[in-house]
Amino acid sequence: MTRRFRRFACIDWSGAKGDRQKGIAIAVSDGPGRAPKLIERAWSRGAVLDWLLDHARRGSDLLVGIDFSTAFPFLDAGAYFPGWAESPADARALWRLVDDICAGDPHLEAGAFVDHGEASRHFRRHGGRQGDLFGAGNGRYRLVERLCRDGRHGPATSCFNLVGAAQVGKSSLTGMRLLHRLDGRVPVWPFDPLPETGPAIVEIYTTVAARTAGLGGGSKMRDADRLRAGLAGYGIRRPPLLARYDDHSTDAILTAAWLAEAAARDDLWQPPALSSEIAAVEGWTFGIP
């Protein structure tokens with residue numbers, strides 16, 4: 001049986017430039033059927049890092065979901081960056097490479113990696129700049145992203161694409177810097193086994209939470225009624241009152257409610273397609289069966 005956590009948090013992450021980010025929100029649930037609470041503050045990526053380290057020091061019984069890709073595609077080409085001699089062999093080495101190249105970027109930003117002479121060949125960037133190794137169509141996908149799309153759990157996008165409202169590449173790169181700073185202090189599933197005590201991190205996809213809740217007409221919740229409808233899908237009748245109903249806050253709240261229920265499902269911790277080899281290089285999005 002999978003470990004049972006007592007509390008659950010969702011971090012809606014951001015890859016934007018700057019210190020404080022409107023796109024970062026954190027909500028915490030005390031368990032299934034309990035209305036998650038939004039932590040009201042202006043978050044920076046560094047403050048999120050400190051928040052997670054504090055929970056590690058306290059040994060908090062907390063499962064944390066963060067909405068960025070924890071690795072790049074590897075299986076389709078046998079490498080993250082085919083043709084680059086420094087292409088890492090696994091996800092931890094990838095996190096270290098991104099953090100090392102971006103060491104001069106403030107606020108855990110990742111501009112130096114995006115513009116790196118070799119790395120940039122694999123990205124689609126603004127201004128019509130598409131690297132010669134970006135690939136066909138909308139870019140390369142991890143196995144779990146292909147399964148997500150094929151199973152209609154959500155329209156997962158390639159993290160090599162850095163253009164458009166749905167792009168996740170920038171947030172994933174800044175997230176990899178975060179994971180490198182946490183390495184060894186907060187386990188990240190499935191790269192690490194779940195610890196017997198203390199906090200753990202999983203990659204999540206907020207659209208999965210919205211679709212599981214039965215929200216029709218898209219996954220966004222921009223008012224109290226829409227958030228109430230989403231939380232009702234998890235048996236929560238009294239949603240928290242918010243000063244403003246922005247996508248980031250409502251996504252964090254609804255996904256924390258979903259995680260509190262989903263974490264009790266053993267099948268979601270044991271996807272049939274997930275092997276130790278796949279886990280080491282591409283990771284997995286929790287909630288994709």
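In case you missed it, the structure is sitting above this.
Residues numbered from 1 in each chain as written. Predicted model: local features only at pLDDT ≥ 70, side-chain atom pairs only at ≥ 80, totals over all residues. Heavy atoms only, no water.

**Focus: the state of the cysteines**
Each disulfide consists of a covalent bond between the sulfur atoms of two cysteine residues.
Phase 1 of the analysis: Tallied over the full model, the rule gives 0 disulfides.
Phase 2 of the analysis: With no disulfide of its own, Cys10 lies 15 Å from the sulfur of Cys148, the closest cysteine sulfur.
Phase 3 of the analysis: In this structure Cys102 is a free cysteine whose sulfur lies 15 Å from that of Cys159, the closest cysteine sulfur available. (Disulfide = S-S within 2.5 Å.)

**Some words on helix H5 (residues 169–182)**
Count 3.6 residues to each turn of an α-helix, and residues three or four apart come out pointing the same way.
Phase 1 of the analysis: The terminal C-alpha atoms of H5, which comprises 14 residues, lie 20 Å apart, in line with the 20 Å expected from a rise of 1.5 Å per residue.
Phase 2 of the analysis: For H5, the buried fraction is high: 11 of the 14 residues fall into the buried class.
Phase 3 of the analysis: Those residues of H5 not exposed but buried are Gly169, Ser171, Ser172, Leu173, Thr174, Gly175, Met176, Arg177, Leu178, Leu179 and Leu182.
Phase 4 of the analysis: Contacts from the buried residues of H5 go to helix H1 (45–58), strand E4 (62–66), helix H2 (91–101), helix H3 (111–114), strand E7 (188–189) and strand E8 (200–203).
Phase 5 of the analysis: After H5 finishes, the residue Gly184 shows a positive phi value of roughly 90°. (Helix = DSSP H or I, 4+ residues; strand = E, 2+ residues; numbered from the N terminus. Expected span 1.5 Å × (residues − 1). Buried < 20%, exposed > 50% of the residue type's maximum accessible area, 1.4 Å probe, protein only. Contact = heavy atoms within 4.5 Å.)

**Quick word on the layout of surface pockets**
Phase 1 of the analysis: Empty space within the largest pocket amounts to approximately 940 Å³.
Phase 2 of the analysis: What lines the largest pocket is a set of 39 residues, and nearest its centre among them are Asp67, Ala165, Ala166, Gln167 and Val168.
Phase 3 of the analysis: The set of elements that each furnish at least two residues to the lining of the largest pocket consists of helix H4 (143–150), H5, helix H6 (206–212) and helix H8 (247–262).
Phase 4 of the analysis: When residues of the lining of the largest pocket are assigned to their parent elements, the largest contribution, 4 residues, is made by H6.
Phase 5 of the analysis: Class assignment for the residues of the lining of the largest pocket results in 14 nonpolar, 15 polar and 10 charged.
Phase 6 of the analysis: In this structure, the second largest pocket spans a volume of roughly 310 Å³. (1 Å grid on protein atoms, 1.4 Å probe; cavity = no way out; pocket = protein on both sides within 12 Å on 5 of 7 lines; lining within 4 Å. Points joined across faces, edges and corners; volume = space filled by probe spheres on them. Nonpolar A, V, L, I, M, F, W, Y, C, P; charged D, E, K, R; others polar.)

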